[in-house]
Amino acid sequence: MEVDILDFLVPVDNSKTLFVWDISPSLAEERIYAELFAVFSSFGPLYLLKVCPNAPLHPPGFYALIKFYSAVQASNAQRLTDGRPLFHKSPLKVKLSSKQPPRFLSSGQPLSHARCLELANHYLGFDGWTCDIITLKELPVEDGGEDEEGGLREKKLKFGCLMNLSFPHHGVFTTGSAVLQDRFTWTGPDVVLQRRCKLQRLVKEKALVKAFSSVLLVVLRSPSSSWERKVMVELKLASDQFGASDETEGTLQVTEFFHPVDEEEDEEGSDSAALECGNDSCALIGWEQGPFGVDV
């Protein structure tokens, strides 16, 4: 029986990263992407697939960077595709990465909200998990939430959310929390309403991401068939995670996190490795220093 453990963090380990090279320059980049995706996604869900042209000093052609969520699936893909032509006449080289990830990525960052849903639905199904809002409330901000700067009226909004995440088929549940603040120029009540709705959505997504970050998926596979598998759900023990109970009522747990402005969903790292950060288009000030309790 093959055992694989997956978490809801951005994959940065070399054991989950493949490089593919010796790709023919006669093929269009779009076709290469489609062909590679068809081949490697058959081994398991992909976090990243990036096709790049060779450097100017190298022969014409392409190489690809592929990231799996699972080290076992990456290893199987490398073993079964290396030295084979796959989608063109000459054989391709497929190797596991040997490059060390940046030091600031060594601990892993949480997956984005969309990636968490993608991974959970793939292994557990759409009915394999549920989420419920325990608390969603607007919180007070400094200076009453309004400032005057350069003749412009500046508005601040702040929301906190506590979310319950449960896996009914496994008898497992956990919670996640987030506090986000937005600062913008006040131009009318319609702008405030739009910002309020957007911030509510973002804080709910971040709280769910926080809950998923404490979850481990233990996948047991039959060595004779990659489709025969059993999935179990376990929780990581961490000081900033707590189960839903009477103690959580009226309390919001907050954790430090900073969100850059206007980042894309799937940004890439310094060595073409994918990084996972916020994709919030509003200017988020950051989560509160923590952990500590906030009465709501």
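Placed above this text is the structure.
Residues numbered from 1 in each chain as written. Predicted model: local features only at pLDDT ≥ 70, side-chain atom pairs only at ≥ 80, totals over all residues. Heavy atoms only, no water.

(A) Representation of unusual backbone geometry. Phi at Asp-22 takes a positive value of approximately 70°, unusual for a residue other than glycine. Within the secondary structure, Asp-22 sits in strand β2 (residues 17-23). By relative accessible area, Asp-22 is classed as partly exposed at 37%. For Leu-86, which is not glycine, the phi torsion reads 60° and is therefore positive. Secondary-structure assignment places Leu-86 in the loop between α2 (71-81) and β5 (93-96). (Helix = DSSP H or I, 4+ residues; strand = E, 2+ residues; numbered from the N terminus. Buried < 20%, exposed > 50% of the residue type's maximum accessible area, 1.4 Å probe, protein only.)

(B) Structural context of the sheet that holds strand β4 (residues 62-68). Here 4 strands make up an open sheet; going across it, the order is β3-β4-β2-β5 and the pairing antiparallel. Either end of the sheet is taken by a strand with one partner, and the two such strands are β3 (46-53) and β5. Across the sheet, the mean angle from the axis of one strand to that of its neighbour is 15°, orientation sign disregarded. Note: β2 against β4, 5 bridges, orientation antiparallel. Considered in β4, the bridge of Ile-23 is made with Phe-62. Contacts from α2 reach β2, β4 and β5, with the element oriented near 150° to β5. (Pairing = 2+ DSSP bridges. Axes fitted to C-alpha atoms, helices over the stretch in contact; angles between N-to-C directions. Contact = heavy atoms within 4.5 Å.)

(C) Structural view of the packing of helix α3 (residues 113-124) against helix α4 (residues 189-212). Remark: α3 packs on α4, axes separated minimally by 9 Å, with the N-to-C direction vectors making an angle of 50°. Classified by the interaxial angle, the pair formed by α3 and α4 is oblique. α3 and α4 meet at a crossing whose hand is left-handed. Counting all contacts with α3, which are made through His-113, Cys-116, Leu-117 and Ala-120, the residues of α4 involved are Glu-205, Leu-208, Val-209 and Phe-212. When grouped by side-chain class, the residues that make up the contact of α3 with α4 number 6 nonpolar, 1 polar and 1 charged. (Parallel < 35°, antiparallel > 145°, perpendicular 65-115°, else oblique. Left-handed = near helix turned anticlockwise from the far one by under 90°. Nonpolar A, V, L, I, M, F, W, Y, C, P; charged D, E, K, R; others polar.)

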